[in-house]
Amino acid sequence: MHSDVAVLGLGQMGSALASAFLRAGHRVTVWNRSAAKTAPLVAQGAVAAASAAEAQRSAPVVAACVLDYPALTGILDPALSSRTLVNLTSGSPEQARSLATQLASEGVRYVDGGIMTTPPGIGDPRSMILYSGDQDAFAAASDLLSALAEPINLGAEPGRAALYDTALLGIMWATLTGWLHATALVTADGSTAAHFTPLATRWLGPVAGFVAGYATQVDAGSYPGSDATLDVHLATLEHLVHASEVREVDPALPRLLHDYARRAVEAGHGADGWARIVELLRAKA
Ligand SMILES: NC(=O)c1ccc[n+]([C@@H]2O[C@H](COP(=O)([O-])OP(=O)(O)OC[C@H]3O[C@@H](n4cnc5c(N)ncnc54)[C@H](OP(=O)(O)O)[C@@H]3O)[C@@H](O)[C@H]2O)c1
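Each value, and the rule that gives it
- Residues numbered from 1 in each chain as written.
- Predicted model: local features only at pLDDT ≥ 70, side-chain atom pairs only at ≥ 80, totals over all residues.
- Heavy atoms only, no water.
- UniProt positions renumbered as here; feature names shortened; annotations may be inferred.
- Helix = DSSP H or I, 4+ residues; strand = E, 2+ residues; numbered from the N terminus.
- Contact = heavy atoms within 4.5 Å.
- Areas by Shrake-Rupley, 256 points an atom, 1.4 Å probe, with all protein chains shown as cover.
- Expected span 1.5 Å × (residues − 1).
- Buried < 20%, exposed > 50% of the residue type's maximum accessible area, 1.4 Å probe, protein only.
- Arc of directions from axis to C-beta.
- Near = heavy atom within 4 Å.
- Polar contact = N/O pair within 3.5 Å; in protein donor to acceptor, adjacent residues only side chain to side chain.
- Nonpolar A, V, L, I, M, F, W, Y, C, P; charged D, E, K, R; others polar.
- Core = buried A, V, L, I, M, F, W, Y, C linked by side-chain atoms within 4.5 Å.
- Domains from an automatic or database assignment.

- Looking at an unreviewed UniProt entry, one finds the protein named NAD(P)-binding domain-containing protein, with Lentzea kristufekii as its source organism.
- In its Sequence similarities (unreviewed entry) section, the UniProt record describing the protein reads: "Belongs to the HIBADH-related family."

As structure tokens, this is what we get:
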């Protein structure tokens with residue numbers, strides 16, 4: 001083994017990972033299905049492997065970042081046995097668990113990773129990558145992995161990093177769509193997104209504060225409406241639905257939120273706070 005780490009997959013993300021390992025002074029072997037993508041990394045000091053199997057023999061830690069699990073399982077090799085696989089390919093928690101179980105029986109130490117940034121954020125210690133899986137392997141690799149971003153250890157359950165990753169992306173999409181809906185509303189009346197957005201980002205600060213308080217309520221299963229009741233939320237959501245309809249902005253998102261509030265109020269929870277909605281979300285599952 002002549003390298004500290006082998007990187008399988010040199011797309012946008014894999015190339016950023018390999019480059020960050022090199023900048024941190026590690027010896028890096030690289031492999032990509034299309035060999036031409038190894039050239040910029042070889043120029044930075046990496047060694048190009050002739051095959052995926054050769055790369056997997058070259059280092060104690062193999063970091064994989066390809067399109068999806070079918071692409072990943074297609075390149076894994078028996079040479080991986082006794083190595084640590086740090087899988088940074090996105091997938092579901094169930095895919096991570098299944099692969100971890102299969103690889104454990106083959107002597108591979110499996111760590112799953114969820115990258116919470118885009119390629120330019122790799123190498124920045126303010127970025128985070130979520131990890132779960134083999135705890136001894138994670139501990140041994142954590143110095144190496146800190147070259148990529150702050151490593152956040154979520155424990156031994158291999159699917160947890162993927163679960164948190166996808167849950168956090170859900171927050172991102174819901175927040176972005178809420179902001180875009182709001183922007184469609186204000187631009188319909190002649191404002192600009194640029195004028196509105198500083199107020200929107202300032203508002204995200206208090207909203208983050210609400211979330212911290214509601215986390216305690218969700219864990220306790222008790223949702224006192226001590227800041228604002230669902231009765232008040234429901235009345236206010238009427239305005240959002242109305243303002244959308246009048247401006248011919250798609251009212252689907254506010255109608256969804258209005259529907260949650262209405263159902264909770266009709267079930268007798270009008271004096272509770274917004275965190276009560278989690279019970280409706282759970283019932284849908
Ligand atoms: N980009 C991001 O911001 C970001 C953020 C978090 C997580 N991720 C995750 O990182 C992974 C890679 O994303 P990316 O942005 O780097 O994508 P990308 O630029 O499209 O790169 C895809 C990589 O997968 C390889 N690949 C695809 N099919 C393959 C196969 N059948 N066998 C072997 N290799 C195969 C490609 O090889 P070729 O070069 O030969 O096509 C390439 O190296 C994905 O799981 C993605 O969800 C990306």
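Points about the overall build of the protein
Part 1: A tally of helices and strands in the protein yields eleven helices and eight strands.
Part 2: Based on the C-alpha atoms only, the size of the protein along its principal axes is roughly 65 × 40 × 30 Å.
Part 3: The contacts of the protein with a sequence gap of at least 6 include a subset with a gap of at least 24, amounting to 57%.
Part 4: Looking at the protein as shown, the accessible area adds up to about 14,700 Å², and 60% of this sits on carbon and sulfur atoms.

A look at helix 5 (residues 93–104)
Part 1: For helix 5, built from twelve residues, the straight-helix expectation of 16 Å at 1.5 Å per residue is met to within 8% by its first-to-last C-alpha distance of 16 Å.
Part 2: For helix 5, the set of buried residues is Pro93, Ala96, Leu99, Ala100 and Leu103. Here the buried residues of helix 5 occupy an arc of 130° about the axis, which is enough to place them on one side. Residues of helix 5 that are exposed and point over 90 degrees away from its buried face: Glu94 and Thr101.

Overview of the site of the ligand
Part 1: Met13, Asn32, Ser34, Lys37 and Ser90 are the nearest of the 20 residues found near the ligand.
Part 2: The side chain of Ser34 places a nitrogen or oxygen atom 2.5 Å from an oxygen atom of the ligand.
Part 3: Between an oxygen atom of the ligand and a side-chain N or O atom of Lys37, the distance comes to 2.6 Å.
Part 4: By residue class, the composition of the shell around the ligand is nine nonpolar, nine polar and two charged.

With respect to the nonpolar core
Part 1: Formed by 32 residues in total, the largest nonpolar core has its most connected members in Phe21, Val28, Leu88, Ile122, Tyr131 and Leu148.
Part 2: Going through the elements one at a time, strand 1 (5–8), helix 1 (12–23), strand 2 (28–31), strand 4 (61–64), strand 6 (109–115), strand 7 (128–133) and helix 6 (135–145) are the ones with two or more residues in this core.
Part 3: Here this core gets seven residues from one element, more than from any other, and that element is helix 1.
Part 4: Residues within four places of Val28 in sequence aside, it is in contact with Ser3, Val5, Val7, Ala18, Phe21, Leu22, Ala46 and Val47.
Part 5: Formed by 21 residues, the second largest nonpolar core is a distinct cluster that contains Ala49, Tyr69, Leu80 and Leu103.

Observations regarding the UniProt feature "domain: NADPH-dependent reductive aminase-like C-terminal" (unreviewed entry) in the protein
Part 1: Sequence positions flagged by UniProt for "domain: NADPH-dependent reductive aminase-like C-terminal" (unreviewed entry) are, in local numbering, residues 157–282.
Part 2: Span residues 157–282 is 78% helix and 0% strand, its end C-alpha atoms 22 Å apart.

Here's the deal with the domain arrangement of the protein
Part 1: If you check the domain split of the protein, you get domain 1 (5–156) and domain 2 (192–284).
Part 2: Once you take the C-alpha centre of each, domain 1 and domain 2 turn out to be 40 Å apart.

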